[in-house]
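Remarks on the overall topology
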Amino acid sequence: MPSTPRQPTADAVRRVLEAMLPDGGAPEARPVTEGGEHSTWWVGKTHVLRLATDGAMSARLRREVRLRDLVRPHVPVAVPASVAVGEWAPGLACTLDKRLPGESAEVRDVTAAGEEDLAGLLAGLRAVPVARTGPLGVPKVAPRSLESLRREAGAAALKLDADGEFEAERLEQLAARAVAQLVPQPDTVLVHHDLKGEHLTVSADGRVRGVLDWADAAIGDAAEDIAGLTIAVGARAAVRSATLAGYGPRSCLRGLWLARCDVLVRLGDRLYGSDDSPVGLLRVQLERAWEAILLELVSES
């Protein structure tokens with residue numbers, strides 16, 4: 001398999017669509033510009049084409065197609081379904097999926113009913129039998145060290161403070177005692193591992209209708225998905241959703257602080273390092289993660 005990324009041309013996209021849709025021809029395709037490691041194209045108004053750009057992404061894409069079928073019966077929101085799966089170049093996988101309804105959570109707010117949808121998503125992922133993910137090749141990911149992440153975030157916070165981007169003293173809320181208490185729960189579950197705004201589709205009434213891009217799914221720390229929701233929909237909504245899903249205060253606070261530290265590190269890397277993420281989006285995510293919430297003291301989970 002190719003070891004370096006290979007980007008498909010418009011002609012290559014047209015050819016693969018002609019092969020996947022031989023009876024209906026190839027409708028207009030245009031590239032998706034919002035995020036993603038795959039080359040992604042809107043196909044007409046009803047489909048989306050995702051093309052892996054190297055061998056590792058191909059393996060993840062093929063695994064994702066199988067995993068989505070396992071997840072779908074357990075969650076109350078839509079999961080993409082493949083219309084056709086194949087290769088757009090030797091060793092490089094692609095999938096033509098039905099387009100899910102709704103718009104990105106980056107442009108539509110989630111309502112209280114949408115929070116219930118997110119709660120159902122978290123509860124559903126916990127219900128997916130872990131034993132059935134092994135044959136699919138879903139990896140197991142060790143929990144991250146919140147202490148190490150706190151140190152990294154602290155260094156970024158000092159730089160951000162000097163430039164007026166963030167008040168570094170706010171990070172002192174995460175004291176050493178709290179870090180010691182916010183250890184990961186012993187039971188690992190299936191986690192989406194990339195729950196950000198662009199991967200949630202939201203209807204006009206604020207309901208969460210679907211979840212995209214399952215390529216990073218893993219067996220691991222449930223707090224990672226709580227962290228993802230924190231930067232996607234805000235700390236308050238994320239904690240409310242996780243609580244509705246049955247997660248206790250410790251899991252909620254661990255997810256909250258993973259998110260808060262993550263956004264500091266990412267914004268710091270964008271402003272002072274090599275990251276090329278949109279700085280405006282990172283600032284919005286920082287604001288979401290650092291929303292004040294009532295659940296700021298560790299209690300029994």
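Residues numbered from 1 in each chain as written. Predicted model: local features only at pLDDT ≥ 70, side-chain atom pairs only at ≥ 80, totals over all residues. Heavy atoms only, no water.

1. Here we look at the packing of helix α8 (residues 249–272) against helix α9 (residues 279–289)
- Axis separation between α8 and α9 bottoms out at 9 Å; the angle between their running directions is 155°. Taken together, α8 and α9 sit at an angle that is classed as roughly antiparallel. Regarding α8 and α9, the two cross each other, and that crossing is left-handed. For the pair α8 and α9, contact is made by L256, A259, R260, V263, L264, R266, L267, R270 and L271 and by V279, L282, R283, Q285, L286 and A289, respectively.
- Split by residue class, the contact of α8 with α9 holds 10 nonpolar, 1 polar and 4 charged. (Axes fitted to C-alpha atoms, helices over the stretch in contact; angles between N-to-C directions. Helix = DSSP H or I, 4+ residues; strand = E, 2+ residues; numbered from the N terminus. Parallel < 35°, antiparallel > 145°, perpendicular 65-115°, else oblique. Left-handed = near helix turned anticlockwise from the far one by under 90°. Contact = heavy atoms within 4.5 Å. Nonpolar A, V, L, I, M, F, W, Y, C, P; charged D, E, K, R; others polar.)

2. Focus on the pattern of salt bridges
- Counted under the stated rule, the structure contains 20 salt bridges.
- Across the salt bridge formed by R50 and D213, the nearest N and O atoms sit 3.2 Å from each other. Linking R50 in strand β3 (residues 47–51) with D213 in the loop between β9 (208–211) and β10 (218–220), this pair joins segments that are 163 residues apart in sequence.
- Overall, the relative accessible area of 8% leaves R50 in the buried class.
- Overall, D213 belongs to the buried group, its relative accessible area being 12%.
- Of the charged contacts in the structure, one is a salt bridge between K196 and D194, with a shortest N-O distance of 3.8 Å.
- With relative accessibility at 25%, the residue K196 sits in the partly exposed group.
- Classification of D194 as buried rests on a relative accessible area of 17%.
- Taken together, the salt bridges that share partners define one network made up of R50, E64, R68, D97 and D213. (Salt bridge = Lys/Arg side-chain N within 4 Å of Asp/Glu carboxyl O. Buried < 20%, exposed > 50% of the residue type's maximum accessible area, 1.4 Å probe, protein only.)

3. Side note on the packing of aromatic side chains
- Scanning the entire structure with this criterion turns up 2 aromatic pairs.
- Residues W257 and W290 carry aromatic rings whose centres are separated by 5.4 Å and whose planes lie at 85° to one another, so their mutual orientation is edge-to-face. Of this pair, W257 sits in helix α8 while W290 sits in the segment after α9, and the two are 33 residues apart along the sequence. By the burial criterion, W257 is buried, and W290 matches it.
- Joined through ring pairs, the aromatic side chains of F166, W257 and W290 make up one cluster. (Phe/Tyr/Trp six-rings, centres within 6.5 Å; stacked < 30°, edge-to-face > 60°.)

4. With respect to the sheet that holds strand β4 (residues 82–89)
- Strand order in the open sheet made by the 5 strands is β1-β2-β3-β5-β4, with antiparallel pairing throughout. Here the strands that pair on one side only, and so sit at the sheet edges, are β1 (29–31) and β4. Averaged over all neighbouring strand pairs, the angle between strand axes comes to 25°, with direction disregarded.
- With 5 bridges joining them, strand β2 (residues 39–43) and β3 adopt antiparallel strand pairing. Each bridged residue has a counterpart across the sheet, and for V43 the counterpart in β3 is H47. (Pairing = 2+ DSSP bridges.)

5. Digging into the nonpolar core
- Formed by 70 residues in total, the largest nonpolar core has its most connected members in L121, L190, L200, Y247, L264 and W290.
- Ranked by residue count, the leading element in this core is α8, at 11 residues.
- For L190, the contacting residues outside a window of four places in its chain are L67, V71, L125, V128, V138, A217, A218, I219 and D225.
- Counting 16 residues, the second-largest nonpolar core is a separate cluster that includes L49, A84, W88 and L92. (Core = buried A, V, L, I, M, F, W, Y, C linked by side-chain atoms within 4.5 Å.)

6. Digging into the environment of V279
- Tracing the backbone shows V279 in helix α9.
- Residues V279 and R266, 13 residues apart in the sequence, show an inter-C-alpha distance of 9.5 Å.

7. Some words on helix α4 (residues 146–162)
- Relative to the 24 Å expected for 17 residues at 1.5 Å per residue, α4 spans 24 Å between its end C-alpha atoms, a close match to the ideal helical length.
- Burial in α4 covers these residues: L146, L149, A153, G154, A156, A157 and L160.
- Elements in contact with the buried residues of α4: α5 (176–181) and α8. (Expected span 1.5 Å × (residues − 1).)

8. Describing the pairing of β3
- Along β3, 5 of the 5 residues are buried, which leaves the element largely enclosed by surrounding structure.
- Counted along the chain from β2 to the antiparallel partner β3, the turn is 3 residues long, and its residue G44 has a positive phi close to 60°.
- Here β3 pairs with strand β5 (residues 92–98) via 5 bridges, running antiparallel. Looking at β5, one finds that H47 is bridged to K98.

9. As for the environment of A78
- Take A78: it is sitting in the loop between α2 (55–71) and β4.
- We classify A78 as partly exposed; its relative accessible area is 26%.
- Between the alpha carbons of A78 and V211 there is a distance of 6.4 Å; along the sequence they are 133 residues apart.
- With sequence-adjacent residues up to four places away left out, A78 is seen in contact with L100, R209, G210 and V211.

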